[in-house]
Amino acid sequence: MKDFVTAAVFSYPHEITILKHLLTEAGISFFFENETMTGIVPFYSFALGGIKLKVHPNDLETVTAILKDLSDNHLKIV
């Protein structure tokens, strides 16, 4: 997982709920850095640099397409 790259950054835990489902459904390996800490203390999100979606570089193009599709459908993801 050390080779994973940041594909997107979110401010609040509720913003990643739908995205988690879509990434799992697409079979993409991912994790959200700082997710647990911001779930416990939401105000830490800004101090930690947000909730970072980390994916393998080979999946970055697919993840970018999923994020674009979400924003095109008027679902606000930061």
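Per chain, the residues get numbers from 1 upward, laid out in the order the sequence is written. Given that the model is predicted, a residue must reach a pLDDT of at least 70 before its local features are reported, and side-chain atom pairs must reach 80 or more before they are shown or counted; all residues, however, enter totals for whole chains, interfaces and linings. Water and hydrogen atoms were dropped before computing side-chain values, which therefore reflect all heavy atoms in the structure.

Asks: Lay out the packing of helix α1 (residues 17-25) against helix α4 (residues 60-72) in plain terms, naming residues and giving numbers.
Replies: Contact geometry of α1 with α4 gives a least axis separation of 11 Å together with a crossing angle of 135 degrees. As the angle between them shows, α1 and α4 are arranged oblique. Relative to α4, α1 is oriented so that their crossing is right-handed. Counting all contacts with α1, which are made through I18, L19, L22 and L23, the residues of α4 involved are V63, I66, L67 and L70. Residues were grouped as follows: Ala, Val, Leu, Ile, Met, Phe, Trp, Tyr, Cys and Pro as nonpolar; Asp, Glu, Lys and Arg as charged; and all remaining residues, including Gly, as polar. Grouping the constituent residues of the contact of α1 with α4 by class yields eight nonpolar, no polar and no charged. Working convention: axes come from line fits to C-alpha atoms, limited for helices to the stretch in contact. Angles between N-to-C directions cover 0 to 180 degrees. Secondary structure is summarised from DSSP: a helix means a run of H or I of at least four residues, a strand means a run of E of at least two, and numbering begins at the N terminus for each. With respect to orientation, any angle under 35 degrees is reported as roughly parallel, any angle over 145 as roughly antiparallel, any angle of 65 to 115 as roughly perpendicular, and every other angle as oblique. Crossings are sorted by hand: turned counterclockwise from the far helix by less than a right angle, the near helix makes the crossing left-handed, and turned clockwise it makes it right-handed. Any two residues whose heavy atoms approach within 4.5 Å are treated as being in contact.

Asks: I'd like a rundown of the nonpolar core, residues and numbers included.
Replies: The nonpolar core is taken to be a set of buried Ala, Val, Leu, Ile, Met, Phe, Trp, Tyr and Cys residues, with the residues joined through side-chain atoms within 4.5 Å. Relative accessibility decides the category of a residue: with a 1.4 Å probe and only protein chains considered, values under 20% of the type maximum give buried, values over 50% give exposed, and everything between is partly exposed. In this structure, F10, L19, L23, F32, L53 and V63 are the most contacted members of the largest nonpolar core, which totals 14 residues. Sort the elements by how many residues they give to this core and α4 lands first, with four residues. Those residues in contact with L23 that lie beyond four places of it in its chain are I28, F30, L53, V63 and I66.

Note that all results are geometric; they support no functional claim without further evidence.
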